[in-house]
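Residues per chain, in single letters:
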Amino acid sequence: MKKIMNSIVYVILLPALIISTALLTYLHFFASNDNNLSGEWIATINMTEQVSFTALDWLQDIEAVSVSMQDMESHMQDLTIELHMTFGQTARSEGTFQCNILPESYEACKQTAYEAFASIFRELLAKRLDMSGYAGNTDDENVEALVTETFGMSTVSYLMSYAPDLLPSLEDLQAQFDGSGTYQTAQNILTRQFENGTVTAEYYIRKDFSLILSEAADSVSLGYFSNHYPIQYTLQQSKGEN
């Protein structure tokens, strides 16, 4: 039993301790102590892994030709959604903020995701046709024509209609990220109080024109709601302003 407990400590607790120590060391020695976060910041949320997993799960359910997660991710490139954050300092170490997902960025990511999914779907359909002894041409253009003839719609439209949603809904993402309110900074912790009453506590690293937010280690014990990321923002203002 003692050996088992020691193994748990080394396997689970030790890596967490190393990561926490590294983050705190960086904060202490390298991160800027500038508490002024004023300006417009922009980050991108990478949706590639979630989209790939969702698409792969559906293909396995319909018993499509074998495809790996690596194959999926090789097709799913640059699937990101922009997240904007604006801070306005009103006093030392405090101010107001506004955060929002850009709807046009969400729609562009969704369209790109389904187009990539359609490309994979046509490749797998071509393999299935070849395996079945189909004598016709199975290049991408001809397979697309077969899909349109069979289902009365393009591959992208078919997948949008009958495959699962590749992305969380815009409303779900807005519920997670969008909002405005007030903030305070202290000891490299950014605390945001949303107008709806939600509170988030995050470690922040401000270094020149980059801002990294990551979940605060004690956010659960403090009763805070927090997002599970780190997200890196880039300052969107002229370098003469700070």
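(A) Quick peek at the pattern of salt bridges. On inspection of all chains with the given rule, the structure shows three salt bridges. In this structure, D140 engages R122 in a salt bridge whose closest nitrogen and oxygen atoms are separated by 2.8 Å. Here D140 is found in helix α5 (residues 140-151), whereas its partner R122 is found in helix α4 (residues 103-131), with 18 residues between them in sequence. Here D140 falls in the partly exposed class, since its relative accessible area comes to 41%. Taking relative accessible area as the criterion, R122 reaches 13% and is therefore assigned buried. Salt-bridge contacts for R122 lead to E144; the nearest nitrogen and oxygen are separated by 2.9 Å.

(B) Summary view of the packing of helix α2 (residues 48-61) against α4. Two elements in contact, α2 and α4, have axes separated by 11 Å at closest approach and are oriented at 35°. For the pair α2 and α4, the crossing hand works out as right-handed. Facing α2, whose interface residues are V51, A55, W58 and L59, α4 presents A113, F117, I120, F121 and L124. For the contact of α2 with α4, the residue count by class is nine nonpolar, no polar and no charged.

(C) Seen up close, the nonpolar core. With 49 residues, the main nonpolar core has L59, M76, F87, F117, L159 and Y233 as its most contacted residues. A total of 10 residues in this core trace back to one element, the largest contributor, which is α4. With residues near it in sequence (within four places) discarded, F87 still touches L37, S38, G39, W41, T96, F97, Y183, L190 and L211.

(D) The packing of α4 against α5, seen in detail. Where α4 meets α5, the closest approach of the two axes is 10 Å, and the angle between their N-to-C directions is 90°. Comparing their axes, α5 and α4 come out roughly perpendicular. In this structure, α4 uses R122, L125, A126 and L129 to contact α5, whose residues at the interface are D140, V143, E144, L146 and V147. Each residue belonging to the contact of α4 with α5 can be placed in one class, and the counts come to six nonpolar, no polar and three charged.

(E) Structural view of the packing of aromatic side chains. If you walk through the whole model with that rule in mind, you get seven aromatic pairs. Summarising the aromatic geometry, the rings of W58 and F117 are spaced 5.8 Å apart at their centres and angled 80° between planes, so their arrangement reads as edge-to-face. One end of the pair, W58, is in helix α2; the other, F117, is in helix α4, and 59 residues separate them in sequence. Measuring from ring centre to ring centre gives 5.2 Å for Y158 and Y162, while their planes differ by 40°; the resulting arrangement is tilted. In this pair, Y158 and Y162 are both assigned in helix α6 (residues 155-162), four residues apart and thus about one turn of the helix distant. Assessed through its relative accessible area of 14%, Y158 is described here as buried. In this structure Y162 comes out as exposed when scored by relative accessible area, which is 53%. By way of ring pairs, the aromatic residues W58, F117, F121, F151, Y158 and Y162 are connected into one cluster. The side chain of R192 reaches across the aromatic face of F97, ending 5.2 Å from its centre.

Rules behind the numbers
- Residues numbered from 1 in each chain as written.
- Predicted model: local features only at pLDDT ≥ 70, side-chain atom pairs only at ≥ 80, totals over all residues.
- Heavy atoms only, no water.
- Salt bridge = Lys/Arg side-chain N within 4 Å of Asp/Glu carboxyl O.
- Helix = DSSP H or I, 4+ residues; strand = E, 2+ residues; numbered from the N terminus.
- Buried < 20%, exposed > 50% of the residue type's maximum accessible area, 1.4 Å probe, protein only.
- Axes fitted to C-alpha atoms, helices over the stretch in contact; angles between N-to-C directions.
- Left-handed = near helix turned anticlockwise from the far one by under 90°.
- Contact = heavy atoms within 4.5 Å.
- Nonpolar A, V, L, I, M, F, W, Y, C, P; charged D, E, K, R; others polar.
- Core = buried A, V, L, I, M, F, W, Y, C linked by side-chain atoms within 4.5 Å.
- Parallel < 35°, antiparallel > 145°, perpendicular 65-115°, else oblique.
- Phe/Tyr/Trp six-rings, centres within 6.5 Å; stacked < 30°, edge-to-face > 60°.
- Lys NZ or Arg CZ within 6 Å of the ring centre and 35° of its normal.

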